[in-house]
Amino acid sequence: MADPTSHVEQQIQARIAAAKVRVQAAQKRRDDLAAARRRGLARRHAQKLRNQAARRDQQDPPDNP
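The rules behind the values
- Residues numbered from 1 in each chain as written.
- Predicted model: local features only at pLDDT ≥ 70, side-chain atom pairs only at ≥ 80, totals over all residues.
- Heavy atoms only, no water.
- Helix = DSSP H or I, 4+ residues; strand = E, 2+ residues; numbered from the N terminus.
- Buried < 20%, exposed > 50% of the residue type's maximum accessible area, 1.4 Å probe, protein only.
- Areas by Shrake-Rupley, 256 points an atom, 1.4 Å probe, with all protein chains shown as cover.
- Salt bridge = Lys/Arg side-chain N within 4 Å of Asp/Glu carboxyl O.
- Patch = residues over 30% accessible without salt bridge, like charges linked within 9 Å, V, L, I, M, F, W, Y side chains within 5 Å.

## Structural notes on the overall build of the chain
Looking only at helices and strands, the chain has 1 helix and 0 strands in total. Relative to its 65 residues, the chain shows a buried fraction of 3%. Taken as a whole, the chain presents about 6400 Å² of accessible surface, with 56% of it coming from carbon and sulfur.

Written as structure tokens, this is what we have:
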């Protein structure tokens, strides 16, 4: 006796499995990009704060008559 599922059913199951793999890969890519973006934003924010502090330190003190 042959396999209980038909050839068409097997192909449908294979397509569904392939689609799930593609969806999971796309989600992983989005997660990786989001994590990289968060790291980049944090790094840029920290650099901005360092630049502001350096400018504050380099400014001439105000004249107090």
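## Looking at the pattern of salt bridges
All told, the structure shown has 1 salt bridge when counted by the stated rule. Residue Lys28 is joined to Asp32 by a salt bridge in which the shortest nitrogen-to-oxygen separation is 3.0 Å. Of this pair, Lys28 and Asp32 both sit in helix α1 (residues 7-58), separated by 4 residues, roughly a single helical turn.

## Focus on a nonpolar patch on the surface
A cluster of nonpolar side chains, namely Val8, Ile12 and Ile16, defines an oily patch on the protein surface of about 250 Å² accessible area. The topology assignment puts Ile16 in helix α1. Given the relative accessible area of 39%, Ile16 is considered partly exposed.

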